[in-house]
Amino acid sequence: MDGTFFSTYAWPALVMIGQSLLVLVCLLVFIAYILYADRKIWAAVQLRRGPNVVGPWGLFQSFADLLKFVFKEPIIPSGANKGVFLIAPLVAVTLALATWAVIPFNENWVVANINVGILYVFAISSLEVYGVIMSGWASNSKYPFLGALRSAAQMVSYEVSIGFVIVTVLLCVGSLNLSDMVFAQKDGLGTMMGLPNSFLDWHWLPLFPMFIVFIISGLAETNRPPFDLPEAESELVAGYMVEYSSAPYMMLMLGEYAAILLICSLTTILFLGGWLPPVDIWILNWVPGIVWFILKVIFIFFIYSMVKAFVPRYRYDQLMRLGWKIFLPLSLAMVIITAFVLKLMGWA
């Protein structure tokens, strides 16, 4: 009985805990260097050097920042709701990291390969707005509260178009499993034209308008420039984070960057073939799939960093108009067109 319990319940639980810890540690280290890359890219565009003191070429700057945040004293405003004020960053970072449980980094390299993976990601990421609202409200100050309201409205608005983009991919794949979405991109437009399996089979080509909508909506969903209206310095200082310092502030920023990387990973899985090589030839197939996955994620993040560097910030009315009057009708029309073409051609 004890042996059956261990093999049936205890051992799988231990394996899953180990896998989760491995993913979290790797993700946190990757976020540290992605943050460094973000600062370096921004500096290069502005003809500056960026972080260059801590470690060779400034490679340990993010870890120095971590130590600084951990050892600083957290200051809680006297009028704040202390419980909610401290729980909010924890909620934000926990939800941002929890979504990574279903992300497949390679074939069978996933903590929980559930059949409704994309629904899980969409559900958990939708809850992230609560961390923002709680932090803004608990600060008991008008600027954080206004920033939280802006962020909530912005995140909800662009989740609608992101949802329709995901529906168009689901129509093409016929599955909610994220691994199946990658396997479905092994053949597509390229193979129909008699070409070998390549990047022409990935969803970015037949669903190109949705690919662009998803990338731009991802910018708005994660409060990245040019849609960083919740923390527009000229109007709201630092948005819902104004009253935060030390470790709680670090947790809010960690949640934000984890969400940014999640959007990059989803773009890779939905539109760029996940861990598949650009061309199905023997020399590229030798490269481990996780290497292709990471390179594609870095490519999408580089696009996000360049947008941050040279695109001016939108006004709030422009942001809302783009989401509701352009992206929503466009994504809804693409859902209808995709369904019609699939039915007409007999691919459904």
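Just above sits the structure.
Here the structure is a predicted model, which means the values were calculated and not measured.

**Focus: unusual backbone geometry**
P226 follows P225 through a cis peptide bond whose omega is 5 degrees. In this structure, N223 takes a positive phi of about 60 degrees despite not being glycine. On the secondary structure map, N223 appears in the loop between α8 (208-221) and α9 (233-236). One non-glycine residue, S246, lies in the positive phi region at around 50 degrees. With respect to the element layout, S246 can be found in helix α10 (residues 246-271). Assessed through its relative accessible area of 2%, S246 is described here as buried.

**Looking at the packing of aromatic side chains**
Applying the stated criterion across every chain, the model contains 15 aromatic pairs. Both rings, one in F69 and one in Y249, keep their centres 5.7 Å apart while their planes meet at 45 degrees; by these two values the pair is tilted. Pair noted here: F69 is in helix α2 (residues 61-71) and Y249 is in helix α10, with a separation of 180 residues, a long-range link. Both rings, one in F199 and one in W202, keep their centres 6.5 Å apart while their planes meet at 65 degrees; by these two values the pair is edge-to-face. Given the relative accessible area of 36%, F199 is considered partly exposed. The exposure class assigned to W202 is buried, which follows from its relative accessible area of 7%. Put simply, the rings of W204, F208, F211, F214 and F271 pair up and form one aromatic cluster.

**Some points on empty space enclosed by the protein**
The full count for this structure, using the stated rule, is one cavity of 30 Å³ or more. Roughly 310 Å³ of internal volume is contained in the largest cavity. Surrounding the largest cavity, 22 residues form its lining, E128, M155, E221, T222 and A259 being those nearest its centre. Contributing elements (two or more residues each) for the lining of the largest cavity: α4 (117-138), α5 (142-173), α8 and α10. The leading source of residues in the lining of the largest cavity is α10, at seven residues. Each residue belonging to the lining of the largest cavity can be placed in one class, and the counts come to 14 nonpolar, four polar and four charged.

**Examining the packing of α5 against α8**
Interaxial distance between α5 and α8 falls to 9 Å at its minimum, and their mutual angle equals 155 degrees. Relative to α8, α5 is oriented roughly antiparallel. Between α5 and α8 lies a crossing of left-handed hand. Touching Q154, M155, Y158, E159, S161, I162, V165, I166 and T168 of α5 are M210, V213, F214, S217, G218, A220 and E221, all from α8. The residue inventory of the contact of α5 with α8, partitioned by class, reads nine nonpolar, five polar and two charged.

What counts and what doesn't
Residues numbered from 1 in each chain as written. Predicted model: local features only at pLDDT ≥ 70, side-chain atom pairs only at ≥ 80, totals over all residues. Heavy atoms only, no water. Helix = DSSP H or I, 4+ residues; strand = E, 2+ residues; numbered from the N terminus. Buried < 20%, exposed > 50% of the residue type's maximum accessible area, 1.4 Å probe, protein only. Phe/Tyr/Trp six-rings, centres within 6.5 Å; stacked < 30°, edge-to-face > 60°. 1 Å grid on protein atoms, 1.4 Å probe; cavity = no way out; pocket = protein on both sides within 12 Å on 5 of 7 lines; lining within 4 Å. Points joined across faces, edges and corners; volume = space filled by probe spheres on them. Nonpolar A, V, L, I, M, F, W, Y, C, P; charged D, E, K, R; others polar. Axes fitted to C-alpha atoms, helices over the stretch in contact; angles between N-to-C directions. Parallel < 35°, antiparallel > 145°, perpendicular 65-115°, else oblique. Left-handed = near helix turned anticlockwise from the far one by under 90°. Contact = heavy atoms within 4.5 Å.

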